[in-house]
Amino acid sequence: MAMAACTSMRALQLKLNNLSPFLPANGNIFPNGLVRTGCRRHSMFLKAVPVVQNGVLSFNGTEALVGVPDNVVITPGSDSSAFLGAISTQSSSRHVFKLGVIEILQKYSGTFALRETKQMPGMLDWFGWCTWDAFYQDVNPQGIRDGLKRFGARLMSIKENSKFRKTANDDSSNTPHSLKDFVSDIKSTFGLKYVYVWHALMGYWGGLHPDAPGTKKYNPKLKFPLQSPGNLAHQRDIAMDSMEEYGVGTIDPDRLFEFYDDLHRYLASQEVDGVKVDVQNLPETVATGSGGRVSLTRHFQQSLEKSISNNFQDNGIICCMAQNTDSVYNSKTSSITRASDDYYPKNPTTQTLHIAAVAYNSLFFGEIVVPDWDMFYSLHDAAEFHAVARAVGGCGIYVSDKPGNHDFDILKRLVLPDGSVMRAKYPGRPSRDCLFNDPVTDGKSLMKIWNLNKLTGVLAVFNCQGAGTWPGLENSVQTNSLELAGKISPADIEYLSEISPESWDGEFAVFSFKSGSLSRLSTHGKLNVAFKTLQCDVFTVSPIKVYHQEIQFAPIGLINMYNSGGAVHAVEAIDDSLFPGIRIQGRGEGVFGAYSSSEPKHCSVNTTEAQFHFNSEHHFLTVNIPTGTNSWEIAAHY
């Protein structure tokens, strides 16, 4: 959305800063506009006079802004420029005007792509385990000193180190012969579908070793990152502080693609399926003398994505520390990006912040990538809080449990027996009534996050109050174990027309996972809820439709799963004159639940008679899905 803030002026001259990440490398921003780059202040000069008509700002028929308000006018300034202005009925020293919306931006810039146009890696739909939090060492003074030095370590070879490759004098049976030997073994032994390997954008935290035989060909130079004053004022980062002290072996920009291609080609030869590329904010701190942060970041992204495309067929990359707009607006194919700070299991004040931060960040990042919510512990005081957030987040789900430290009750509510997850359709985002509230520190607001499945909506509610504060803020409200009351509604979920007809004026069945209760609400009906700090619930919302002119029915899904409705793929009427019924198709084992206005005469699962229970007071039908069933078809005959 384009906005303008003015003081005494009511007109804005169309200008464009050449340092903007929106600006394409070829200098063109609109088909009929040129960017002049031969002067110090870079401006966009127009070939034709722009026109505002029917709410559209266009240049020779090419739309630049849509949804332009009636009070916005455009006045030619000269043959090569125009003034875009707005009329106000009130006198003030400051006016804020909405100018319109830039819709097809990726087309104008040519430097990035929207999420729905990108290939999604298959790993998103399968449960994962990350080794980071499982194996890092317990903190202690010497460990901190050693850790700081370790961050200064540099990559010396693109090949695996001695922990993953048996040397001539190594007679240990625990050391694999090679990385390929290890990856092949764990895939075959544990039935793994994907194995990803971590590396930093510069190879490692400290970059490449300038003098190592395995990295010399990439011509690395030692540079000392410089963090901006604004970044330092917000929150200090131990990794960046260490790199400032020890320096980073920065890859020669002319050798970037060669480095990534060599690394990824080798990993692919070892049966590795993808990479998590960390520390992607680094180019902006070492860009001096290399063309500036925008062009250098673009070069890194283009080289990285080209290598991923060449070597990993499934677009196997997770981006991390890549929240700067230079990275985002140069992301053409990367489809997964971390949208939060790290998960800190030992810090109780960051658990609620993590959930709220990712939800709000997803408003923006969710348009361009699938926001990654990071790992979590399944055995932890806040485990269910995190698990519910992942269930509604539309993201990949992976934990970092230490071996033997698991809560399988929580894991079974997220993951089906075959290892797949019921990932929701969109990135999870805050409901409208949360957009301008502070659900972390205002002491009164609950956090609501919505999403959709194929046939149902899902709404998670969290009490994030009283367990932390936003970074950089002081004297915030801290009321431990604060119980808050609020309301939920089907209207909290956007795009309801995707699961019900646009003219829908019927009602919805609303299922609470925590209480197991089923309610019936109109679109704007309200349901009261109350939670203490770090408590949450997840609600499945399903439109009640009429079958055979008299049976009101709404599928809930597997009520033993957090995202119950993610199990349901299709619902249709069974045309049988003697026993009319409803057919539901889905996947996963457990208990299927649905709203039904009347009790069926009998139910079957995959044509086999099945046990069912009907609560006539709440019109709640449940059907047992046999253990070991992957996909199923339930027939309920009335």
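Scroll up for the structure.
My aim in this report is to walk through the structure given alongside it, one point at a time. Bear in mind the structure is a predicted one, so any value in this text is a computation, not a measurement.

1. So, the overall build of the protein
Scanning the protein for helices and strands turns up twelve helices and 37 strands. Within the protein, the proportion of its 638 residues that are buried is 51%. A separation threshold of at least 6 residues defines the contact pool for the protein, and within that pool the share at least 24 residues apart is 71%. Only carbon and sulfur atoms are counted for the fraction: they give 51% of the accessible area of the protein, which is about 30400 Å².

2. So, the packing of helix H7 (residues 256–269) against helix H8 (residues 293–311)
Between H7 and H8, whose axes approach to 9 Å, the crossing angle comes to 30°. It follows that H7 is roughly parallel to H8 by the angle criterion. In the packing of H7 onto H8, the handedness of the crossing is right-handed. Of H8, the residues touching H7 (which contributes Leu256, Phe257, Tyr260, Asp261, His264, Arg265 and Ala268) are His299, Phe300, Ser303, Leu304, Lys306, Ser307, Ile308, Asn310 and Asn311. Its residues assigned to classes, the contact of H7 with H8 shows seven nonpolar, six polar and three charged.

3. A short note on the sheet that holds strand S20 (residues 429–430)
As summarised here, the arrangement of the six strands in space is S20-S21-S22-S27-S24-S25, forming an open sheet in which the pairing is antiparallel. Here the strands that pair on one side only, and so sit at the sheet edges, are S20 and strand S25 (518–522). Pairing between strand S22 (residues 457–462) and strand S27 (residues 536–543): six bridges, direction antiparallel. Bridged to Val458 within S27 is Thr540.

4. Some remarks on the pairing of S27
With eight of its eight residues buried, S27 lies for the most part within the structure. Alternating residues of S27 divide into Cys536, Val538, Thr540 and Ser542 and Asp537, Phe539, Val541 and Pro543, and every residue in both groups is buried. Looking at chain direction, strand S24 (residues 507–512) and S27 are connected through five bridges and run antiparallel. Its bridge partner being in S27, Phe511 is matched across the sheet by Thr540.

5. Side note on the pattern of salt bridges
This structure, assessed with the given rule, holds 19 salt bridges. Residue Lys425 is joined to Glu498 by a salt bridge in which the shortest nitrogen-to-oxygen separation is 2.9 Å. Taken as a pair, Lys425 in the loop between helix H12 (408–412) and S20 and Glu498 in the loop between strand S23 (484–488) and S24 lie far apart in primary sequence, 73 residues in all. On the basis of relative accessible area, Lys425 is assigned to the partly exposed category, the value being 44%. Relative accessible area serves as the criterion here: at 36%, Glu498 is assigned to the partly exposed category. As a salt-bridge pair, Glu507 and Arg520 come within 2.4 Å of each other at their nearest N and O atoms. Remark: Arg520 occurs in strand S25 and Glu507 occurs in strand S24; sequence separation between them is 13 residues. Here Glu507 falls in the partly exposed class, since its relative accessible area comes to 29%.

6. Notes on the sheet that holds strand S37 (residues 631–637)
Sheet architecture is open: five strands sit in the order S30-S31-S37-S33-S34, paired in antiparallel fashion. A strand with exactly one partner marks an edge of an open sheet, and here the two such strands are strand S30 (568–574) and strand S34 (608–610). Shown here is a sheet whose adjacent strand axes are inclined to one another by a mean of 25°, direction ignored.

7. Description of the packing of aromatic side chains
With the rule as written, the count across this model stands at 15 aromatic pairs. Consider the rings of Tyr218 and Phe259, whose centres lie 5.2 Å apart with planes at 75°: the pair is edge-to-face. Highlighted residues: Tyr218 in the loop between strand S12 (196–200) and strand S13 (221–223) and Phe259 in helix H7, separated in sequence by 41 residues. For the pair Tyr218 and Phe259, a shared accessibility class is recorded, and that class is buried. Through successive ring pairs, a cluster of aromatic residues spans Phe112, Tyr329, Phe364 and Phe365. Residue placement shows Lys193 over the ring face of Trp126; its charged tip is 4.5 Å from the ring centre. Its guanidinium or amino end placed over the ring of Phe257, Lys306 lies 4.5 Å from that ring's centre, counting from NZ or CZ.

Reading guide: rules and limits
Residues numbered from 1 in each chain as written. Predicted model: local features only at pLDDT ≥ 70, side-chain atom pairs only at ≥ 80, totals over all residues. Heavy atoms only, no water. Helix = DSSP H or I, 4+ residues; strand = E, 2+ residues; numbered from the N terminus. Buried < 20%, exposed > 50% of the residue type's maximum accessible area, 1.4 Å probe, protein only. Contact = heavy atoms within 4.5 Å. Areas by Shrake-Rupley, 256 points an atom, 1.4 Å probe, with all protein chains shown as cover. Axes fitted to C-alpha atoms, helices over the stretch in contact; angles between N-to-C directions. Parallel < 35°, antiparallel > 145°, perpendicular 65-115°, else oblique. Left-handed = near helix turned anticlockwise from the far one by under 90°. Nonpolar A, V, L, I, M, F, W, Y, C, P; charged D, E, K, R; others polar. Pairing = 2+ DSSP bridges. Salt bridge = Lys/Arg side-chain N within 4 Å of Asp/Glu carboxyl O. Phe/Tyr/Trp six-rings, centres within 6.5 Å; stacked < 30°, edge-to-face > 60°. Lys NZ or Arg CZ within 6 Å of the ring centre and 35° of its normal.

Function cannot be inferred from these measures alone, as they are strictly geometric.
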